Amino acid sequence: MGRRHRAGAASLENRRIRRRRADRQHPYRGTPARSLVIQAEDQHHTFHTEFTVGRQGDLVIRDDFASSHHARFQIAHGLWFVEDLGSTNGTRLNGRRFMQPQRLKKGDKIRIGHTVMTVVSA
């Protein structure tokens, strides 16, 4: 009988550990998405949902080297990503041009055309 009790207790503890691990893997499950704060020139912009940046994007930048809708910023699994939308001049993250969506973190520098934006918080 003692073994069953211990096995049952161990099994219960294992389920608790798995649940805690799952919560760590998906920390924003059931809660509102984190906001993204970007500094462009001397202004801070806060976003809570997906948005585009470009000459005609949700965040408008006045830059002749930017496309109309140059890059998309989106949240997935509680993390923010930036994706180039096939622009002619590309998008750079911390000085590197990229082809696939890239995860953003505080302090990252995103260059669209000649405009540099800094991630204040993600």
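Residues numbered from 1 in each chain as written. Predicted model: local features only at pLDDT ≥ 70, side-chain atom pairs only at ≥ 80, totals over all residues. Heavy atoms only, no water.

Caption draft 1: Just the environment of D42, in detail. Relative to the helices and strands, D42 is located in the loop between β1 (36-40) and β2 (43-47). In this structure the C-alpha to C-alpha distance between D42 and M117, which are 75 residues apart in sequence, comes to 9.8 Å. (Helix = DSSP H or I, 4+ residues; strand = E, 2+ residues; numbered from the N terminus.)

Caption draft 2: Just the side chain of H45, in detail. Note that H45 resides in strand β2. Accessibility expressed as a relative area gives 17% for H45, which makes it buried. In this structure, H45 is in contact with L36, V37, I38, A40 and L59, ignoring residues within four places of it in sequence. (Buried < 20%, exposed > 50% of the residue type's maximum accessible area, 1.4 Å probe, protein only. Contact = heavy atoms within 4.5 Å.)

Caption draft 3: Layout of the environment of G54. By the secondary structure assignment, G54 is in strand β3 (residues 51-54). Along the sequence, G54 and S68 sit 14 residues apart, while their C-alpha atoms lie 4.9 Å from each other. Look past the residues within four positions of G54 in its chain and what remains in contact with it is L59, V60, I61, S67, S68 and H70.

Caption draft 4: Just the nonpolar core, in detail. Core analysis: the biggest nonpolar cluster contains 20 residues, and F73, L104 and M117 have the highest contact counts within it. Of all elements in the fold, only β1, β3, β5 (71-76), β6 (79-84), β10 (109-112) and β11 (115-121) reach the threshold of two or more residues within this core. If sequence neighbours within four positions are ignored, F73 has contacts with L36, I38, E50, F51, V53, W80, F81, V82, L104, I110 and M117. (Core = buried A, V, L, I, M, F, W, Y, C linked by side-chain atoms within 4.5 Å.)

Caption draft 5: Molecular detail of the pattern of salt bridges. Across all of its chains, the model carries three salt bridges by this definition. Note that E83 and R72 form a salt bridge whose closest N and O atoms lie 3.4 Å from each other. Here the residue E83 occupies a position in strand β6, and R72 occupies one in strand β5, the gap between them amounting to eleven residues. Among the ionic pairs, D108 bridges to K105, the shortest N-O distance being 3.1 Å. Each of E50, R72 and E83 takes part in one network of salt bridges that share partners. (Salt bridge = Lys/Arg side-chain N within 4 Å of Asp/Glu carboxyl O.)

Caption draft 6: Expanded view of the packing of aromatic side chains. Counted by the stated rule, this structure contains three aromatic pairs. Centroid distance F47 to F51: 3.6 Å. Interplanar angle 10°. Geometry classified as stacked. With respect to burial, F47 and F51 carry one shared label: buried. Judged by centre distance (6.1 Å) and plane angle (55°), the rings of F51 and W80 are tilted. With F51 in strand β3 and W80 in strand β6, this pair connects stretches of sequence that are 29 residues apart. Each member of the pair, F51 together with W80, is buried. Taken together through their ring pairs, the aromatic side chains of F47, F51, F73 and W80 make up a single cluster. (Phe/Tyr/Trp six-rings, centres within 6.5 Å; stacked < 30°, edge-to-face > 60°.)

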